[in-house]
Protein chains: 2
Amino acid sequence: MTQKILQVPYGTRDFLPGEAKAKKIIENSLMKIFDIWGYAQVETPTLEYLDTFAVAGQASVDNFQFFDRDNRILTMRSDMTTPLARMVATRLPEASLQRLFYLSQVFRHEEAQAGRQCEFTQAGIEMMGASGASADAEVVALAIKALQETGLPNFTISMGHIKFIEGLAEEAQFTVEQTLALKRCLITHNAVELDNLLAATRVEGKIASVLRRLLFLHGGVELLQDMQGLVDNAKSRNALQNLLTIYSLCESYGVASYISFDLSLLRSFDYYTGMIFEGYTPGMGYSICGGGRYDSMMASFGRECPATGFSLGIDRIMLALKRNTSVDNKAEFAYLVAYSEGKLNEAIAAAMELRTQGVSAKLAEQALEQDEAEDALATNDCCRCLYIGK
Amino acid sequence: MTQKILQVPYGTRDFLPGEAKAKKIIENSLMKIFDIWGYAQVETPTLEYLDTFAVAGQASVDNFQFFDRDNRILTMRSDMTTPLARMVATRLPEASLQRLFYLSQVFRHEEAQAGRQCEFTQAGIEMMGASGASADAEVVALAIKALQETGLPNFTISMGHIKFIEGLAEEAQFTVEQTLALKRCLITHNAVELDNLLAATRVEGKIASVLRRLLFLHGGVELLQDMQGLVDNAKSRNALQNLLTIYSLCESYGVASYISFDLSLLRSFDYYTGMIFEGYTPGMGYSICGGGRYDSMMASFGRECPATGFSLGIDRIMLALKRNTSVDNKAEFAYLVAYSEGKLNEAIAAAMELRTQGVSAKLAEQALEQDEAEDALATNDCCRCLYIGK
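Keep in mind it's a predicted model, so treat the numbers as computed, not measured.

1. What about the overall build of chain A?
1) Next: Counting its secondary structure elements, chain A contains 15 helices and 15 strands.
2) Next: Taking the principal axes of its C-alpha atoms as reference, chain A extends roughly 95 × 55 × 45 Å.
3) Next: Here chain A, with 390 residues, has 60% of them falling under the buried criterion.
4) Next: Carbon and sulfur atoms form 48% of the exposed surface of chain A, whose accessible area is close to 15,500 Å².

Here it is in structure tokens:
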């Protein structure tokens with residue numbers, strides 16, 4: 001037998017009973033908190049036309065792509081924000097504020113390693129139709145509360161603002177190409193490249209010193225106040241003020257202690273237009289959640305509409321929890337209903353009685369002696385035995 | 001803007017808030033009953049190597065297929081039984097009985113129409129390791145109980161047996177080709193072709209009259225007793241006895257009234273080796289569930305192991321329920337927390353208090369007058385308003 005018959009494709013995995021159970025517990029807690037905060041679940045197709053992702057700037061070589069029977073290119077969704085923007089723009093009423101959530105499989109050709117799979121599960125929310133800082137604060141606060149719900153003991157939220165960076169580039173009179181080069185330096189955290197760029201652009205004065213320190217502008221809320229005195233352009237100053245307002249609302253939500261600022265933060269999705277954030281947990285080299293404001297995407301689908309949201313990586317959270325707690329790798333049931341020869345009908349009636357009362361009950365595979373029944377508890381993942389004997 | 005940007009691919013669909021909620025209610029009720037009956041949830045990848053489906057005889061032109069980066073053919077799963085067989089054979093302990101369930105997206109190139117989509121959701125169970133009639137009875141009884149849980153008011157289960165048909169073909173001394181032709185007639189319900197086949201094979205006597213009536217052998221349990229007198233081969237007689245035993249155990253489960261027999265029943269999956277069944281509801285041209293015994297498939301993955309199971313089509317059940325009841329197309333939340341100018345922080349605190357108590361609360365998008373707040377209830381899908389005023 002060739003190995004391909006028995007293997008799963010690169011970057012994918014099975015979830016065995018205990019793993020699936022642990023995953024479901026996390027997913028259920030997230031679905032519950034999203035509902036409690038007033039978000040409604042939606043589903044979109046696993047497949048989309050590649051054009052849908054392309055118009056939102058989200059079609060890349062990392063998308064799984066193939067032709068349908070009419071030679072149109074389909075893609076397995078690589079992100080949930082784009083499909084939700086398409087759905088809201090085409091299917092939901094224009095005037096109303098939409099608070100939506102999803103729990104979905106997402107697919108990307110990536111080099112697989114711990115916490116990085118080609119197929120993974122994302123839970124997330126999108127708020128469409130609200131432009132204010134209160135919407136961004138709600139999104140950040142909900143991300144933190146959601147991470148708390150998963151039982152993750154340690155995590156931090158790093159927050160930045162795309163307009164702060166854009167304002168600096170404008171103040172430095174960067175060309176479009178230079179601005180793109182700056183963003184690349186920030187995404188790759190490349191301080192050497194950044195120095196080279198600054199030398200090449202011959203930027204000078206206060207703005208030069210801010211740009212030179214940009215990769216190291218990490219800190220608490222006091223960083224925002226400090227920076228207000230160091231940048232002169234209105235765009236960056238407004239971005240700092242926006243972050244201050246969001247932070248202050250997060251204090252009202254009681255979650256501000258999780259938040260620090262990283263003014264060089266950029267996410268690899270290029271649709272963000274305002275506040276952006278990522279969540280990290282110790283020992284995990286990738287973010288466990290991320291999001292921000294994206295006010296331009298909806299216009300790609302024919303509807304001008306501000307929007308903000310985030311997604312959580314369920315597989316990464318599971319991995320982090322596994323490192324922090326011991327995950328029991330078994331599903332567990334209350335009763336094994338075992339029976340002696342000729343007592344199957346009575347055993348069925350007993351199992352049905354337990355089930356009617358909401359108690360989980362497995363029926364033994366075949367007639368057993370009472371001592372065999374006790375021995376069978378472990379292999380059946382059951383806690384107790386109900387024996388129907390002669 | 002081209003239409004492809006705004007459309008979803010052929011045979012796929014979005015689930016808007018009310019639709020997704022109705023779907024989730026059905027899915028949750030199914031997951032709950034599967035758990036109560038002692039089944040553990042598992043997940044498998046959306047993608048499998050086509051070889052995995054091919055070895056189980058399940059690779060067809062209806063599979064979505066494409067090449068991965070190493071030029072191996074991937075397929076989006078077209079069925080959950082094959083991936084679960086692969087998973088159990090390679091990952092779970094050999095000796096133990098496995099009761100597993102899944103809730104998964106499944107993909108097939110099909111002509112889309114009501115109840116027939118290219119992407120659809122299946123919930124189902126597989127019991128691997130049990131060969132007896134009691135396992136088949138449990139599977140049928142659980143299918144019926146699961147359909148009851150969805151709220152479907154009217155449905156019937158049609159049951160048959162692949163070995164009954166094979167026994168008839170052997171008794172008639174059909175060649176392999178003739179047996180395949182017979183099965184094709186039964187799958188397509190083609191009485192004319194069946195007559196032609198019987199004329200061509202010149203089969204005579206008692207077996208000829210049984211074969212001639214085969215497409216009309218529908219009825220209650222008395223049909224099984226009648227047929228015992230009309231077939232002479234052991235295989236068909238054993239199949240009838242097997243169905244009688246399963247039926248009698250279904251009486252113990254209290255579900256026998258849903259069951260009738262159709263001795264010509266064949267399913268388009270050719271992996272079945274014993275009892276097979278399908279569920280129907282009035283006004284729906286397709287089965288809403290189906291399953292049966294498949295004792296040979298596991299051997300394809302290197303492990304000899306009897307198995308039986310079924311799957312339910314969630315989309316078809318939703319469609320049937322929509323025809324029977326009015327489905328509310330909105331999600332619903334308890335409170336809209338609205339606030340006057342300057343009272344956002346107090347409103348946040350009030351919303352958090354409600355949420356802590358497990359009560360769903362949406363925060364108003366912006367400061368509102370009290371009468372505006374009442375008006376905003378409907379567009380926010382909220383039942384009550386909590387107004388934080390001056």
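Next, the rest of the story.
2. Section: the packing of helix α6 (residues 162-171) of chain A against helix α11 (residues 234-252) of chain A
Residues and elements named next belong to chain A.
1) Next: In contact at an axis separation of 7 Å, α6 and α11 are set at 160° when each is read in the N-to-C sense. In terms of their interaxial angle, α6 and α11 are classed as roughly antiparallel. Classified by chirality, the crossing of α11 by α6 is left-handed. For the pair formed by α6 and α11, the contact residues are K163, F164, E166, G167, L168 and E170 on the first element and K235, S236, A239 and L240 on the second.
2) Next: Class assignment of the residues belonging to the contact of α6 with α11 gives a composition of four nonpolar, two polar and four charged.

3. Examining the domain arrangement of chain A
1) Next: When the domains of chain A are assigned, the result is domain 1 (2-323) and domain 2 (333-388).
2) Next: Summarising the inter-unit geometry, the C-alpha centres of domain 1 of chain A and domain 2 of chain A are found 49 Å apart.

4. Some thoughts on the relation of the copies chain A and chain B
1) Next: Superposing chain A onto chain B takes a rotation of 180° combined with a translation of 0.0 Å along the rotation axis, leaving an RMSD of 0.1 Å. The superposition operator between the copies reduces to a two-fold rotation axis. In terms of C-alpha distance to the rotation axis, chain A has A:F66 as its closest residue, with the C-alpha 3.1 Å off the axis.
2) Next: An overlap of 100% is found between the interface residues of chain A and their copies at the interface of chain B, pointing to a shared contact surface.

5. A look at the sheet that holds strand β14 (residues 361-363) of chain A
Residues and elements named next belong to chain A.
1) Next: The strand order β14-β13-β15 describes an open sheet built from three strands, whose pairing is parallel. With partners counted over all chains shown, the strands left at the sheet margins are β14 and β15 (382-388), one partner each. With direction set aside, neighbouring strand axes in the sheet form an average angle of 30°.
2) Next: Relative to β14, strand β13 (residues 333-339) runs parallel, the two being bridged by three bridges. Across the sheet, residue Y335 finds its bridge partner in β14, namely A361.

6. Quick word on empty space enclosed by the protein
1) Next: All told, the structure shown has three cavities of 30 Å³ or more when counted by the stated rule.
2) Next: Secondary-structure elements contributing two or more residues to the lining of the largest cavity are α2 (17-36), β5 (98-107) and β6 (119-128) of chain A together with α2 (17-36), β5 (98-107) and β6 (119-128) of chain B.
3) Next: Looking at the lining of the largest cavity, the element that brings in the most residues is α2(A), giving five residues.
4) Next: Grouping the amino acids of the lining of the largest cavity by side-chain chemistry returns twelve nonpolar, 13 polar and 16 charged.

7. Comments concerning the confidence of the model for chain A
1) Next: When pLDDT is averaged across chain A, the result is 92; 97% of the residues are at 70 or more.
2) Next: As scored by the predictor, the complex reaches a pTM of 0.93 and an ipTM of 0.92.

8. A word on the packing of aromatic side chains
1) Next: On inspection of all chains with the given rule, the structure shows 19 aromatic pairs over all chains.
2) Next: Ring centres of A:Y247 and A:F261 lie 5.7 Å apart, and the angle between their planes is 55°; on these two criteria the pair is classed as tilted. One end of the pair, A:Y247, is in helix α11; the other, A:F261, is in strand β9 (residues 259-262), and 14 residues separate them in sequence.
3) Next: Given a relative accessible area of 13%, A:Y247 falls into the buried group.
4) Next: Take A:F261: its relative accessible area is 1%, and that puts it in the buried class.
5) Next: Note on B:Y271 and B:Y272: the rings are 4.9 Å apart at their centroids and 55° apart in plane angle, and the pair reads as tilted. In this structure, B:Y271 and B:Y272 share a single accessibility class: buried.
6) Next: Sitting over the face of the ring of B:W37, A:R355 holds its NZ or CZ atom 3.8 Å from the ring centroid.
7) Next: Across the ring face of B:F15, the terminal group of B:K23 is positioned such that the distance to the ring centre comes to 4.9 Å.

9. Quick notes on the environment of B:R184
1) Next: Looking at where B:R184 falls in the secondary structure, it is placed in helix α7 (residues 176-187).
2) Next: Taking C-alpha positions, B:R184 is 9.0 Å from B:L194, a pair spaced ten residues apart along the chain.

10. Some points on the nonpolar core
1) Next: With 140 residues, the main nonpolar core has B:F34, B:F164, B:L182, B:L211 and B:F277 as its most contacted residues.
2) Next: The element that contributes the greatest number of residues to this core is helix α5 (residues 133-149) of chain B, accounting for eleven residues.
3) Next: Beyond its immediate sequence surroundings of up to four residues, B:L182 is in contact with B:I165, B:A169, B:F174, B:L194, B:L197, B:L211 and B:L214.
4) Next: Grouped together as the second largest cluster of nonpolar side chains are 138 residues, A:A56, A:A89, A:V139 and B:L354 included.

11. Focus on the interface of chain A and chain B
1) Next: Contact with chain A, which involves 87 residues of that partner, is made by 87 residues of chain B.
2) Next: Ranking the residues of chain A by area buried against chain B places A:K4, A:I36 and A:E43 at the top, with a combined share of 9%.
3) Next: Counting every contact that joins chain A to chain B gives seven salt bridges.
4) Next: A salt bridge links A:R86 to B:D14, with the shortest nitrogen-to-oxygen separation between them at 2.8 Å.
5) Next: There are 18 residue pairs in polar contact (both at pLDDT 80 or more) connecting chain A and chain B.
6) Next: If one sorts the elements of the side of chain A that touches chain B by residue count, α2(A) sits on top with seven residues.
7) Next: Residue classes in the side of chain A that touches chain B are distributed as 42 nonpolar, 23 polar and 22 charged.

12. Here's the deal with a negative patch on the surface
1) Next: Together, A:E341, A:E369, A:D371, A:E372, A:E374 and A:D375 give the surface a local cluster of negative charge.
2) Next: With respect to the helices and strands, the residue A:E374 is situated in helix α15 (residues 370-379).

Thresholds applied
- Residues numbered from 1 in each chain as written.
- Chains lettered and ligands numbered in written order.
- Predicted model: local features only at pLDDT ≥ 70, side-chain atom pairs only at ≥ 80, totals over all residues.
- Heavy atoms only, no water.
- Helix = DSSP H or I, 4+ residues; strand = E, 2+ residues; numbered from the N terminus.
- Buried < 20%, exposed > 50% of the residue type's maximum accessible area, 1.4 Å probe, protein only.
- Areas by Shrake-Rupley, 256 points an atom, 1.4 Å probe, with all protein chains shown as cover.
- Axes fitted to C-alpha atoms, helices over the stretch in contact; angles between N-to-C directions.
- Parallel < 35°, antiparallel > 145°, perpendicular 65-115°, else oblique.
- Left-handed = near helix turned anticlockwise from the far one by under 90°.
- Contact = heavy atoms within 4.5 Å.
- Nonpolar A, V, L, I, M, F, W, Y, C, P; charged D, E, K, R; others polar.
- Domains from an automatic or database assignment.
- Least-squares fit on C-alpha atoms with pLDDT ≥ 70 in both.
- Pairing = 2+ DSSP bridges.
- 1 Å grid on protein atoms, 1.4 Å probe; cavity = no way out; pocket = protein on both sides within 12 Å on 5 of 7 lines; lining within 4 Å.
- Points joined across faces, edges and corners; volume = space filled by probe spheres on them.
- pLDDT = per-residue confidence, 0-100.
- Phe/Tyr/Trp six-rings, centres within 6.5 Å; stacked < 30°, edge-to-face > 60°.
- Lys NZ or Arg CZ within 6 Å of the ring centre and 35° of its normal.
- Core = buried A, V, L, I, M, F, W, Y, C linked by side-chain atoms within 4.5 Å.
- Buried area = accessible area lost by both parts, 1.4 Å probe.
- Salt bridge = Lys/Arg side-chain N within 4 Å of Asp/Glu carboxyl O.
- Polar contact = N/O pair within 3.5 Å; in protein donor to acceptor, adjacent residues only side chain to side chain.
- Patch = residues over 30% accessible without salt bridge, like charges linked within 9 Å, V, L, I, M, F, W, Y side chains within 5 Å.
- Lys, Arg positive; Asp, Glu negative; His and termini not counted.
- Charge placed at Lys NZ, Arg CZ, Asp CG, Glu CD.

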